Amino acid sequence: MKVNMSYGRKGLELDLPDEWQVDVINKKSMPVVGDAPKAVADALANPVGSGTLQQEAAGKNSACILICDITRPVPNGLILPIIIKELMAGGMSAEQITVLVATGLHRPNEGDELKELVGSDWVMDTVKVENHFARNDGDHVELGVTGRGTVVKIDKRFARADLRIVTGLVEPHFMAGYSGGRKVITPGVAHQDTIRRIHTNTFMGHPKAVNCQIEGNPLHEEQIAVVEMLGGALAVNTVITEHRELSFVNYGEIQASHLEAVEYVRPYAEVYLDRPYHTVITSSAGYPLDKTYYQTVKGMVGAMEILQEGGNIFIVSEISEGFGSPEYLEAQKRFVELGMDGFMADIAPKTAAAIDEWQTEEQVKPMRRGTVRLFTQGLSAAERRLTGVEIIDDKEALMAAISRSAGKDGRVAVIPEGPYILPFVK
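Residues numbered from 1 in each chain as written. Predicted model: local features only at pLDDT ≥ 70, side-chain atom pairs only at ≥ 80, totals over all residues. Heavy atoms only, no water.

A.B. asks: Mind showing me how you'd approach the overall build of the chain here?
C.D. replies: A tally of helices and strands in the chain yields 16 helices and 20 strands. For the chain, the C-alpha radius of gyration of 21 Å lies close to 22 Å, the compact-globule estimate for 426 residues. Counting only C-alpha atoms, the chain reaches 70 × 50 × 40 Å along its principal axes. Considering only contacts in the chain between residues 6 or more positions apart, those separated by 24 or more positions represent 75%. When the accessible surface of the chain is totalled, it reaches about 16100 Å², and 48% of it is carbon and sulfur. (Helix = DSSP H or I, 4+ residues; strand = E, 2+ residues; numbered from the N terminus. Rg over C-alpha atoms; globule rule 2.2 N^0.38 Å. Contact = heavy atoms within 4.5 Å. Areas by Shrake-Rupley, 256 points an atom, 1.4 Å probe, with all protein chains shown as cover.)

Pasting the structure below:
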């Protein structure tokens, strides 16, 4: 049985024995929007809990549109020109509109990569397109302190705009339940102090700060608190198929429209199975998500819910850009030196997490359940030692390891899209 795993831009084909019991876990077939530009325009004219975008733009002097960074395949080339033209039809000039890349603590997207991300030469030539820099103190304004004690600092280009708009994909997220909406603001355009606070063990260690969980999720609740401190925002939410085609788009008040998008995607993104597996093969969803080891961890976490205690997760990820940040590399060094228990004891009392150590904390979760093995042809020898998992860089060796794990019954779960679909045991 041939299975094509998402891996880089081209994929990775695995040939599993026909006599094995191979359960391929894919999304249910999603409808595809026939006329995508019309669907976006219709969404802007039929809002959820707000005025139309033209109505909202009337009389405003500035608009800031947030877009996700290169790690998310949002159809920006489709939606941004339509949004901007609607703002201009509502009376705004191009000079009053800024597109801001919500990088969080990730690196900026610049040059050809920025053009690829925006997806429209017209947008690049018409309005300001800029990156958020979480470490630049002067770029942020302090809004106050949440009930949980988070000092909220947000990029002033967004916080002070008359019209605040976020765009993004709504899909499972291993900390916030679902991505998009409020998450594009925090951590998307938050100061590093705010980001480090909401990524402490206080939030990350909570049993409801997990994939597909919104209600009672403290990270989601903190993100909503920031929206309220800002005085609200609007959102354009998209859902795409595994082939990156538009399946759903809506627009409106950020919380109401986001929750509507979540309810749309749930039946496709969440799969419920009768029992767990000893062997699970997954991916990091291919390009652009599998550019770094940091993002690869999401695939490990997404697969763990159907893993038997003591089982094996095999994850394939190209990792063309290394770890993702020097801070994350340092966190992994501490993890390898201290071990799982020592690392968790070290971070537990912190009121401000070290940058990117939260991804190491997430990696601990599947490693407590079973053994993680990573197939990649990226990373240097020194970097491979800091992953904390077994590395396989030869396809034949990968198949041999999977065969040993599958044993005589050959019962294997395969998740080609990795973290874009979440399997659970009933």
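A.B. asks: Would you mind going over the nonpolar core with me for this structure?
C.D. replies: Side chains of a nonpolar character, in soluble globular proteins, are inclined to be buried together. Counting 106 residues, the largest nonpolar core has L87, I154, F158 and I185 as its most contacted members. Residues within four places of I154 in sequence aside, it is in contact with D139, H140, V141, L143, A159, I185, T186, V189, A190, V226 and L230. Core analysis: the second largest hydrophobic core is formed by 20 residues, L16, V22, L398 and I402 among them. (Core = buried A, V, L, I, M, F, W, Y, C linked by side-chain atoms within 4.5 Å. Buried < 20%, exposed > 50% of the residue type's maximum accessible area, 1.4 Å probe, protein only.)

A.B. asks: For this particular structure, what's the right way to read unusual backbone geometry?
C.D. replies: Working note: non-glycine residues mostly have negative phi, and peptide bonds are mostly trans. The step from T186 to P187 runs through a cis peptide bond, and the omega angle for that step is 20°. You can see P187 is positioned in the loop between helix 7 (182-185) and helix 8 (192-198). Phi at D356 is positive, roughly 70°, even though this residue is not glycine. Its location among the elements puts D356 in the loop between helix 13 (326-347) and helix 14 (357-369). For D356, a relative accessible area of 4% gives the class buried.

A.B. asks: Would you mind going over the layout of surface pockets with me for this structure?
C.D. replies: With a probe scaled to a water molecule rolled over the atoms, the places where space remains empty come into view. Taken as a whole, the largest pocket spans an internal volume of roughly 360 Å³. Residue lining of the largest pocket: 19 residues in total, with N4, M5, S6, E242 and E417 positioned closest to the centre. Here the lining of the largest pocket is built from residues that sort into 7 nonpolar, 7 polar and 5 charged. (1 Å grid on protein atoms, 1.4 Å probe; cavity = no way out; pocket = protein on both sides within 12 Å on 5 of 7 lines; lining within 4 Å. Points joined across faces, edges and corners; volume = space filled by probe spheres on them. Nonpolar A, V, L, I, M, F, W, Y, C, P; charged D, E, K, R; others polar.)

A.B. asks: What's the story with the sheet that holds strand 6 (residues 128-131) in this structure? I'm lost.
C.D. replies: The 6 strands are arranged 6-5-4-9-12-13 in an open sheet whose pairing can be described as mixed. Whereas interior strands pair on both sides, the edge strands pair on one side only; in this sheet they are strand 6 and strand 13 (246-253). The sheet shows a mean angle of 20° between the axes of neighbouring strands, direction not considered. Relative to strand 5 (residues 97-102), strand 4 (residues 63-68) runs parallel, the two sharing 6 bridges. Within the sheet, the bridge partner assigned to A63 lies in strand 5 and is I97. Together, strand 12 (234-240) and strand 13 form the strand contacts of helix 1 (residues 36-45), whose direction differs from that of strand 13 by roughly 20°. (Pairing = 2+ DSSP bridges. Axes fitted to C-alpha atoms, helices over the stretch in contact; angles between N-to-C directions.)

Spatial relationships are all this shows, so hold off on functional conclusions.
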